[in-house]
Amino acid sequence: MKRALVVGCSGQDGSFLLEQLRAKGYSVAGVGRSTIEGPLPNQKLLDVRDRSRVQELLCHFRPDEIYYLAAFHHSSEELAINDRDLIQRSFEINTLALNNFLHSLAVDIPHARLFYSASSHVFGDPPENIQDELTPLNPIDAYGISKAAGLLLCRHYRKQRDIYCSVGILYNHESPRRSSTFVSQKVISAAVRISRKIQQKLVIGDLDATVDWGYAPDYVDAMWRILQLEKPEDFVIASGAVYSVRQLVQIAFEALDLDWKAYVEIDPSLMRKSRTSILQGNSARLQARTGWRPQKSFREIILEMVKAETERQSCDIMARQGVGAASTRNRNS
């Protein structure tokens, strides 16, 4: 039985990866910010920045595969943070903590394989509209800079220490498990709330922004396929198709029988700095090496998310009503 360790198991990708690996018959352990999954020593939370604790965990569990999905991304945290602390925390999680795993891999468990989850942000503002593994790194924000550093660190260990570490350069990918801080989930949650007459408007910055959107379970499948290859490599993981935020909004509202134009307002102050190029990935190398293909269309992804969010909000309403009814009974008894 193969053993796998998922670092960052409580996020969208980590939760899907745990399920997929278990379905394949792996013995799986996972660590997150406040989560522990599977057979780990002492069942203690792991601070990935603590080198000795990382080494202790890897020597005890001795995984065959490590998936490093842990990340600090300011836009997903919604924190008030200055530039210095933003850069510090980004490098602590996205690069320096990764180094703890790579070093222990080289010293303690050289048979193991590691997958590092990088991001299309490593390309920043690229010279061409479609990027592949040969596109120059040109990050323009703390997240992209620290992820690019993590990618280069993997290449260093791969060349200098001869360990198996592959990198996936992931473009945007969605699912019903996407955090509420991301634009896709913000749009869908607002649409459902508007359909329930709980919310009046959706205020958004840029409807014309275009994104290469894919399906999270598809991308997690790509991670596993990459680690099954004979030799480690770097791969772009992308759908290759771009859609605008306007199209996202239109599909979500139409699924709820709403005319989106009646409910959406534009606030230019919410617009981010525009890029001169589009982030659109070419996953031809991944497809040729592994046979991977995206399985779910953009429309199918959005409709699934709308359905899940509708059910989630219904459950929340029923739970609140149940609590309210219980409180009333208690007061009357």
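Our structure is the block above this text.
Residues numbered from 1 in each chain as written. Predicted model: local features only at pLDDT ≥ 70, side-chain atom pairs only at ≥ 80, totals over all residues. Heavy atoms only, no water.

The next point concerns unusual backbone geometry. Backbone geometry places Lys197, a non-glycine residue, at a positive phi of 60 degrees. On the secondary structure map, Lys197 appears in the loop between α6 (183-195) and β9 (202-204). Taking relative accessible area as the criterion, Lys197 reaches 71% and is therefore assigned exposed. Unlike most non-glycine residues, Asp257 shows phi in positive territory, near 60 degrees. Taking relative accessible area as the criterion, Asp257 reaches 74% and is therefore assigned exposed. (Helix = DSSP H or I, 4+ residues; strand = E, 2+ residues; numbered from the N terminus. Buried < 20%, exposed > 50% of the residue type's maximum accessible area, 1.4 Å probe, protein only.)

In this section: the pattern of salt bridges. Enumeration over the complete set of coordinates arrives at 16 salt bridges. One salt bridge in this structure joins Arg53 and Glu56, with 3.4 Å as the shortest N-O distance. Taken as a pair, Arg53 and Glu56 lie in helix α2 (residues 51-61) at a separation of three residues, close to a single helical turn. Between Arg285 and Glu233 there is a salt bridge, with its nearest N and O atoms 3.9 Å apart. Residue Arg285 is found in helix α9 (residues 284-290), and its partner Glu233 is found in the loop between α7 (216-227) and β12 (234-237); the two are separated by 52 residues along the sequence. Overall, the relative accessible area of 18% leaves Glu233 in the buried class. Here the salt bridges share partners, and the residues they tie into one network are Asp47, Arg49 and Glu92. (Salt bridge = Lys/Arg side-chain N within 4 Å of Asp/Glu carboxyl O.)

Right, let's get into α7. The end-to-end C-alpha distance of α7 is 17 Å, a good match for the 16 Å that 12 residues give at a rise of 1.5 Å each. Within α7, 10 of the 12 residues are buried, which leaves the element mostly enclosed by the surrounding structure. Those residues of α7 that sit buried are Ala216, Pro217, Asp218, Tyr219, Val220, Asp221, Ala222, Met223, Ile226 and Leu227. (Expected span 1.5 Å × (residues − 1).)

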